[in-house]
Amino acid sequence: MYLTLKHLHITLAVITAGGFMLRTWWSVSGAPLHEHRLVRVLPHFIDTLLLCSGIGMLVLASMSLTQHTWLLWKLVGLLVYIVAGSVAIRYGRTPRIRLIAAIIAVTVFVYIVGVALNKTGLSWLAGGL
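Residues numbered from 1 in each chain as written. Predicted model: local features only at pLDDT ≥ 70, side-chain atom pairs only at ≥ 80, totals over all residues. Heavy atoms only, no water.

This structure, assessed with the given rule, holds 2 aromatic pairs. Seen in terms of ring centroids, Tyr81 and Phe109 are 5.7 Å apart; in terms of plane orientation they differ by 50°. Their pairing is tilted. One end of the pair, Tyr81, is in helix 3 (residues 69–91); the other, Phe109, is in helix 4 (residues 95–118), with 28 residues separating them in the sequence. The class for Tyr81 is buried, based on a relative accessible area of 11%. Relative accessible area serves as the criterion here: at 19%, Phe109 is assigned to the buried category. Between Lys119 and the ring centre of Trp70, over which it is positioned, the NZ or CZ distance is 4.8 Å. (Phe/Tyr/Trp six-rings, centres within 6.5 Å; stacked < 30°, edge-to-face > 60°. Helix = DSSP H or I, 4+ residues; strand = E, 2+ residues; numbered from the N terminus. Buried < 20%, exposed > 50% of the residue type's maximum accessible area, 1.4 Å probe, protein only. Lys NZ or Arg CZ within 6 Å of the ring centre and 35° of its normal.)

Turning our eyes to something else, we now look at unusual backbone geometry. Located in the positive-phi region is Lys119, a residue other than glycine, with phi close to 55°. Here Lys119 lies in the segment after helix 4. With a phi close to 55°, Ser123 is a non-glycine residue in the positive phi region. Counting through the fold element by element, Ser123 comes out in the segment after helix 4. Given the relative accessible area of 2%, Ser123 is considered buried.

Next up on the list: the nonpolar core. Among the nonpolar cores identified, the biggest contains 16 residues, and Phe20, Tyr81, Ala88, Ala105 and Phe109 are the most heavily contacted of them. Mapped by element, the contributors of at least two residues to this core are helix 1 (2–29), helix 2 (37–60), helix 3 and helix 4. Beyond its immediate sequence surroundings of up to four residues, Phe20 is in contact with Tyr81, Gly85, Ala88, Ile89, Ala102, Ala105 and Val106. (Core = buried A, V, L, I, M, F, W, Y, C linked by side-chain atoms within 4.5 Å. Contact = heavy atoms within 4.5 Å.)

A few words now on the pattern of salt bridges. The tally for this structure, following the rule as stated, stands at 1 salt bridge. Arg90 is the partner of Glu35 in a salt bridge, and the nearest nitrogen-oxygen pair spans 3.5 Å. Residue Glu35 is located in the loop between helix 1 and helix 2, and its partner Arg90 is located in helix 3; the two are separated by 55 residues in the primary sequence. On the basis of relative accessibility, which here comes to 44%, the residue Glu35 falls in the partly exposed class. (Salt bridge = Lys/Arg side-chain N within 4 Å of Asp/Glu carboxyl O.)

Right, let's get into the packing of helix 1 against helix 3. Helix packing geometry: the angle between the two helix axes and the distance between the axes. Relative to each other, helix 1 and helix 3 sit at 25°, their axes nearing to 10 Å. Considering their axes alone, helix 1 and helix 3 lie roughly parallel with respect to each other. The chirality of how helix 1 crosses helix 3 is left-handed. Residues His9, Thr16, Phe20, Arg23, Thr24 and Ser27 of helix 1 form the contact with helix 3, whose own contacting residues are Lys74, Tyr81, Gly85, Ala88 and Ile89. Residues belonging to the contact of helix 1 with helix 3 are distributed by class as follows: 4 nonpolar, 5 polar and 2 charged. (Axes fitted to C-alpha atoms, helices over the stretch in contact; angles between N-to-C directions. Parallel < 35°, antiparallel > 145°, perpendicular 65-115°, else oblique. Left-handed = near helix turned anticlockwise from the far one by under 90°. Nonpolar A, V, L, I, M, F, W, Y, C, P; charged D, E, K, R; others polar.)

Attention now goes to the side chain of His34. With respect to the element layout, His34 can be found in the loop between helix 1 and helix 2. Once residues within four sequence positions are removed from consideration, His34 is found in contact with Arg23, Trp26, Ser27, Val39, Arg40, Ile89 and Arg90.

This paragraph deals with the environment of Ile100. Inspection of the secondary structure assignment puts Ile100 in helix 4. Owing to a relative accessible area of 42%, Ile100 belongs among the partly exposed residues under this scheme. The spatial distance from the C-alpha of Ile100 to the C-alpha of His7 is 31 Å, given a sequence separation of 93 residues.

So this is what it looks like as structure tokens:
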């Protein structure tokens, strides 16, 4: 069951990253698809499944944030990603602000992936140490 959740989690992470980049492109370029109901609702469903699969893995592995501080770094990264992503897609006043927020969100997403793979808050830097 754990491996199934892990594969689901990874798949959903790839889908959410791709969807975020597409929605950001539409937001920055002013494409009308950005306002389509499905484009506004589907990401919330996917992200909820992503979060639930992560929590499910946590429960199945009997892990806690105090035992695995890298999970705390992942959660902090997630919060920063959500704020930057919200600015990039919805709340940025100008295309330039939305683009800068999108770059920050993608950078944080890459950081989160590095934390998950290397099991440390150093993310990708841990591989070189």
